[in-house]
Amino acid sequence: MRDPRTASLPDLTGQVALVTGAGRGQGRSHCLALAEAGATIAALDVCRDLDVPSYPLATRAELDEVVADVERLGGRAVPLVADVRDPGEVTAAVAAVEKAFGRLDVLVNNAAVLTSAPFWELSEQQWTAVVDTNLSGVWRTTKAAAELLRRSPRGRIVNIASTGGVRAVPEFAHYVAAKHGVVGLTRAMAIELANDGVTVNAILPGAVDSPMLAGLADELGLTPDDVHKRWLHDQLLVEVIAPAEVTGALLWLLSDSARHVTGHCLAVDGGALAR
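Thresholds applied
- Residues numbered from 1 in each chain as written.
- Predicted model: local features only at pLDDT ≥ 70, side-chain atom pairs only at ≥ 80, totals over all residues.
- Heavy atoms only, no water.
- Axes fitted to C-alpha atoms, helices over the stretch in contact; angles between N-to-C directions.
- Helix = DSSP H or I, 4+ residues; strand = E, 2+ residues; numbered from the N terminus.
- Parallel < 35°, antiparallel > 145°, perpendicular 65-115°, else oblique.
- Left-handed = near helix turned anticlockwise from the far one by under 90°.
- Contact = heavy atoms within 4.5 Å.
- Nonpolar A, V, L, I, M, F, W, Y, C, P; charged D, E, K, R; others polar.
- Phe/Tyr/Trp six-rings, centres within 6.5 Å; stacked < 30°, edge-to-face > 60°.
- Buried < 20%, exposed > 50% of the residue type's maximum accessible area, 1.4 Å probe, protein only.
- Expected span 1.5 Å × (residues − 1).
- Bend = angle between axes of the 7 residues up to and from the residue.
- Core = buried A, V, L, I, M, F, W, Y, C linked by side-chain atoms within 4.5 Å.

**Considering the packing of helix α4 (residues 124-151) against helix α5 (residues 173-193)**
Relative orientation and spacing of two packed helices are given, respectively, by the angle between their axes and the distance between those axes. Across the interface, α4 lies against α5 with an axial gap of 8 Å and an inter-helix angle of 15°. Between α4 and α5, the angle is such that the two are roughly parallel. Here α4 runs over α5; the crossing is right-handed. Facing α4, whose interface residues are Gln126, Trp127, Val130, Val131, Asn134, Leu135, Val138, Trp139, Thr142 and Arg150, α5 presents Ala173, His174, Tyr175, Ala177, Ala178, Lys179, Gly181, Val182, Leu185, Met189 and Leu193. Classifying every residue of the contact of α4 with α5 gives 14 nonpolar, 5 polar and 2 charged.

**A few points about the packing of aromatic side chains**
Counting across every chain of the model gives 1 aromatic pair. Note on Phe119 and Trp120: the rings are 5.2 Å apart at their centroids and 85° apart in plane angle, and the pair reads as edge-to-face. On the basis of relative accessible area, Phe119 is assigned to the exposed category, the value being 59%. Residue classification places Trp120 among the exposed residues on the basis of a relative accessible area of 63%.

**Notes on unusual backbone geometry**
With an omega of 5°, the peptide bond between Val52 and Pro53 qualifies as cis. The phi angle at Cys47 is positive, at roughly 55°, despite the residue not being glycine. Among the structural elements, Cys47 can be located in the loop between β2 (40-45) and α2 (60-72). On the basis of relative accessibility, which here comes to 16%, the residue Cys47 falls in the buried class. With a phi angle near 70°, Glu171 is a residue other than glycine that sits in the positive phi range. Within the secondary structure, Glu171 is located in the loop between β5 (156-160) and α5. With a relative accessible area of 36%, Glu171 lands in the partly exposed category.

**A closer look at α4**
An ideal rise of 1.5 Å per residue puts 40 Å on 28 residues; α4 measures up with 39 Å between its terminal C-alpha atoms. The largest bend along α4 reaches roughly 50° and is located at Ala145.

**Observations concerning the nonpolar core**
Among the nonpolar cores identified, the biggest contains 36 residues, and Cys31, Leu34, Ile41, Val108, Val158, Ile203 and Leu254 are the most heavily contacted of them. Of all the secondary-structure elements, those providing two or more residues to this core are β1 (16-20), α1 (25-36), β2, α2, β4 (106-109), β5 and α8 (243-253). Every residue in contact with Val158, bar those within four places of it in the chain, is listed here: Leu107, Val108, Asn109, Asn201, Ile203, Leu250, Leu253 and Leu254. Counting 35 residues, the second-largest nonpolar core is a separate cluster that includes Leu80, Ala111, Val182 and Val198.

Right, dumping it as structure tokens:
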């Protein structure tokens, strides 16, 4: 009998889930909830700082702590250190999942970075880092994982996009372009994988309490509250969204109740897109 605490979770017993950007924030939240639902976790993060963005990224210690937390919940997990911008590293990470578990059923493309400036002030490095991580990284990871997901009796892909994937946000042109690309890619992948029974959906979060936005605030010499206000003024429910709420949407998309939902973009945005 399942634990009453997790009775409302989808039953992912026996399934393997790969989560990118897993070391902290939304990725960490997703990993722990998937583990509570019974999934084995492959937690992937870059685990080093990059030239862009200038704020610190997740560390290997943080990734290992996610794995330890999964194990404390009674689950299984492996840490994977890889940069989603590097096809060789991504391919090796997916191969490691197959070697360890022999299967892959769920892919959560969560890895993302962010900088801010008017589009004419963005450097080539800023544009490339954001688009290659936030958009090409989704394509690259899903491409590497597609064969395993197509073999799964219940393959699911969820891409973490943004409200910026369907509307414009000033001073985030590269981020907006990348997230619009994720929305289009989600729909294209849903069509191409339908015959294999793999669903592909996206989540569009609004202003989420996250290390990424906190890092951006520090980079700009602002407070996290200042950065949140750039999004919050559009929300009908003017509150910063907890990562767990995005995770809740993810869990529904992975549930049997959503088995016929594909090519869909689910907003968790405090009503921002209603305007």
